[in-house]
Each structure stands twice: as structure tokens, then as C-alpha cells.
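What follows is the residue order along each chain.
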Amino acid sequence: MKTSRSRRDFLKACLSAAPALALPGWARFQGPGSLVSGRRALGFPVPSVHWHGDSSVAAALRSSLGPAAAGGGVSLETVVGLMQPEGFRDIRRPLPKLNKDSYEGQLRERLLSQVLKARHRDLRRHFVFEYYPWYRSSPWEHWDQFDRVPPVDIGSTMMPLLGPYDSLDSAVVEQHARWMADAGVGAINVSWWGPGSSADRAVHLVMDVMRAHDIHVTFHIEPYRNDRSWRFAEDIRYILREYGEKRRWDAFLLLENADGAAGPVFKVFRSILPDRVTDCLGQVHVVPDYTPDAVWRQQISSLRADFTPDYKLTLLADSLNLRRTIASEFDGIAIYDNFVAPDTWPGIADTFGSADLLFSPNVHAGFDAIEPRDPQGPCYVPLPFAPPVGPINWQDEAAREVVAVANDDRIRRSFETTTTLQVSQNLANWKQGFFLVYINSFNEWHEGTSFEPAKRWADLTPAERAVGYHNPNNGVRRLQTLQTFVRDLVD
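Keep in mind that what you see is a predicted model, and the values were worked out from it rather than measured. (Residues numbered from 1 in each chain as written. Predicted model: local features only at pLDDT ≥ 70, side-chain atom pairs only at ≥ 80, totals over all residues. Heavy atoms only, no water.)

Visitor: A description of the confidence of the model for the chain should follow, citing residues and the corresponding values.
Guide: The predicted coordinates of low-pLDDT regions are not to be read in fine detail. When pLDDT is averaged along the chain, the result is 84; 80% of the residues meet or exceed 70. For the stretch residues 66–96, pLDDT sits under 50, and the model shows 75 contacts to residues farther than four places along the chain or on other chains. (pLDDT = per-residue confidence, 0-100. Contact = heavy atoms within 4.5 Å.)

Visitor: An account of the pattern of salt bridges is needed here, citing residue identities and associated values.
Guide: Evaluation of the coordinates by the stated rule reveals 26 salt bridges. Two residues, D275 and R276, come together in a salt bridge whose shortest N-O distance is 3.4 Å. Given a relative accessible area of 34%, D275 falls into the partly exposed group. For R276, a relative accessible area of 42% corresponds to the partly exposed category. When the shortest N-O distance is used, the salt bridge between R477 and D408 registers 2.6 Å. One end of the pair, R477, is in helix α16 (residues 477–490); the other, D408, is in helix α13 (residues 397–421), and 69 residues separate them in sequence. In the salt-bridge network here, residues are joined through shared partners; they are D122, R124, R125 and D214. (Salt bridge = Lys/Arg side-chain N within 4 Å of Asp/Glu carboxyl O. Buried < 20%, exposed > 50% of the residue type's maximum accessible area, 1.4 Å probe, protein only. Helix = DSSP H or I, 4+ residues; strand = E, 2+ residues; numbered from the N terminus.)

Visitor: Talk me through the packing of helix α6 (residues 170–183) against helix α8 (residues 203–212); I want residue IDs and the actual numbers.
Guide: Contact geometry for α6 and α8: axes closest at 9 Å, N-to-C directions at 45°. Between α6 and α8, the interaxial angle falls into the category oblique. Where α6 crosses over α8, the handedness of that crossing is right-handed. Contact with α6, carried on its side by S170, V173, E174, A177 and M180, involves L205, V206, V209 and M210 of α8 and no other residues of that element. (Axes fitted to C-alpha atoms, helices over the stretch in contact; angles between N-to-C directions. Parallel < 35°, antiparallel > 145°, perpendicular 65-115°, else oblique. Left-handed = near helix turned anticlockwise from the far one by under 90°.)

Visitor: Explain the nonpolar core to me, using residue names and the numbers behind them.
Guide: One finds F127, F129, I188, F219 and F266 to be the most contacted residues of the largest nonpolar core, which totals 80 residues. Beyond its immediate chain neighbours, meaning those up to four positions away, F127 contacts V185, G186, A187, F415, F435, V437, I439, V486, L489 and V490. Counting 16 residues, the second largest nonpolar core, distinct from the first, contains A58, L320, F339 and F352. (Core = buried A, V, L, I, M, F, W, Y, C linked by side-chain atoms within 4.5 Å.)

Visitor: So, the side chain of S271: which residues are in play, and what are the values?
Guide: Summarising the element assignment, S271 is placed in the loop between β8 (265–268) and β9 (276–278). Residues in contact with S271, not counting those within four places in the same chain, are S56, R228, W296, A317, D318 and F330.

Shown next, in the form of C-alpha cells:
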């Protein structure tokens, strides 16, 4: 009992001192039991249900802090220092807020647009939605997470405007493509779970539809098996062959740098992990998909031999560990987690960019993950809502509007921060002619990160309201807010 209480105190300390670094949605603690619940409790992936586990950032937090730090009032600088031994420069250095309606804001926005358009011929291609093709309706997949019972009761805190759809329904993918194109976004990053997986089988359909809307496709490499990293070069070659060469590159994202060199770009989830984690009872567990830096280095070196200087391969880790990112020979980092808030990004960009590594923090609206209704185990802690807005009565129209305004602000701050940092002329992105903005996400409904339109609260059925959904007053507001920022740059 004492250890469990300490774990709860530890999490409270982390959240109160550094709310931007709370553990992500799939890192919830459900206690020991079945293989699935046990792996989830430790933040390990469960490939059979596309549960991708802790990110590299969250895994580093879990490993470095552990129960020993309970009640210690852990500061943001301490947390970051543990994840990143070299430490970040100017970790709290803020960027000035941009008021889009002010003269200064409009001028800065115009100048940024002119700079980016001068360097990149097809700027919309550099804005990339995270995209999940894993939803099925016969039988249900993903909509039934945490024992939900679709179609009314689904694994999401919001009901999508399209309802619980099937990702293999071409009409659904068509609507997705229209929404993306209208927002000014020119590419998607498909969650990919290995050759022959259900996500893999959806790729050709997704690419066919996206091609019709001039949207290109790249891939987010997920932890689909424990030895995935030993097969990494083989997997990248498979993707390039099946979805690039065999299709004559008709819809494959070949990102073009400012100097005209183009090539594929891949983001790798759970790329740089600790070799063990400690659970809430103080027991140490070996991380099953841990990859030594030398293995990544060997795989990446093998791939580099396939590419010529004018055909550039870019590989991005989801890590904040500078030393190991360099040792593994990734080109840089792409921060996936919406719990890493924009006010920490200047220090991250300075640290990695000054070391000649690329960086791409994402644009996002926040985090609102689905929770188990009957959590088990002594260590369960519900995850905080982000950005924090205090207690929320979802039945109240005014409270839902407060949340929508907070989402708007997080979209604005994340968009302004990542775009401004990526044109800093003393850092690697500018020097290498690289610019890439991931948007998390188009349709990751489990974590409440979706820009895909949701039903308006007024349109929920009585049965749907009884479930307790968090649907907003305006279901397309997030996408509309994003559209204003993207369109102002790319049009």
C-alpha cells in the first residue's frame, strides 16, 4: 500500500511541476494480470491490438524517475535532464505570442510565408497529418477499445461526425481526403504495423484516394513486433518497393529540401528506449523491444548505401535523448507526444538543431484519452486533460466552449512555435533546407487528438449523450482553426 501511494504521489509531483510532460494515453497503469494488461501497465506495446505503448519520451520518464522519485517535487528541468543527460539550453525560453489580428502578427506571418515559399516549391506538401487506417466495423476493431460496445458506445471521448466508420470504406477515405485538402494539408503519415498487417492492407486504397486529391503518403513505423528494429532496413525497402516503385511514385511523399534534393522521410515510434523499466511496486522489467544504438546504426547505414546524394533519405526518432539519437545515426527527431508542450520546444530545438540534427515538433489541439471504466490494479492513475482547464462539466455548453478555446490556443501556439523555430537560421533545419510540420492527428480518436470533424453536441442522440461524450458545440472547429493557419502560409 505504501508503494502504491508513493507512485500516485510521484505522478502528482510530475504533473504539478511539469504538466506538459504527463504520461501519454497508452501509458496508463492497470496492474498485473493478463499478458495484455501487464504489458499495458508497463508501457509496452501490444501489437495484436495495435497498442503502441509508451513513446520513447514517456519510456524515458518511466525508466529514469520510477518510484524512487515519489513525492520529490520533480521540476521540469530535472525531468528533461533525466531524459536528456546533456540537458537543454534555455529550456523555458518562450517565443513571443503572435496575435494574428495585430499589425505585427500579420507582418510576421506574411514574412514567414514569403520565406517558406521562396525555399519550398510545394509548401503544402510539408504539412503532414498523422493518419490511422486501423478502424474496422465488421468485426469491430479499435472502436471497441476498453470493452466499449459500438456503434453507440465507442472507444473515444468524442463521437466522430461520420460515426464509427470502417477505414476500408472508400467513401470514408474520400471524405477524409476532402477535409485534408480543404485545410491546405498536402500529405499524411500512415500508422504502419508491418508487412501483411491490417494497416498495411489498407495502404493501396488510402493512396488511391489521396492521389485523387493531390495528397501524398509517408509512413509512421510502429512497434509491430519486438524485433522490429532488426528488420528496419528490410521494412523500409519493402515500403519503398511496394508503395513507391511499383506505383511509380504516384502518391508517395518525396520531401523536397530547399536545395531541390528530394527523398522519403520516415518517423519511427519507440525508437530509442531504456533497456528496463520499474513498475509501481518497484519490480524491474526488461523492455522487450529495446534496441541497442549499434543495431539502429547498422540498419540505417545499410539503408544509406541505397541512396545517392540527390535522393535523400530522412529518418526521424521520437526521442529527446541527444546522445543516443546521434549514436543511432538518425537524422533528427519528430516529437509525437501532445504532452510535450510548445513552451519547451525552443530549448529542444536549440539543443538538437545546434548539434546538426533536424527537429519537428507537432501541431496539436491537446489530449483527451479514453479511460477504462473499471480500472484494475493498485497503481491506476487517470490521465490529465490537456491543455489543463480545470474541472469540466461536459453537459454544460459554456464549459465545452472553454475547452474549445483552450484547444484553439494550443493549435495556435504549437503552429507558431514549430514553424518559427524551423526557420531559425543558426539551426540545422534551415542550414539543411528542411521544413516539416506533423499534425497530430487527423483521426487518433482514442487519445482525443483528432482534427477530423466530430458531431456537434446538439446532434448527439440521447443514447450517445448518456455515454458521456465530450463532443464540442462546433464539431469542425479544430479543423477550421488549423485551416486558417495553414492556408495563410501555403496559399
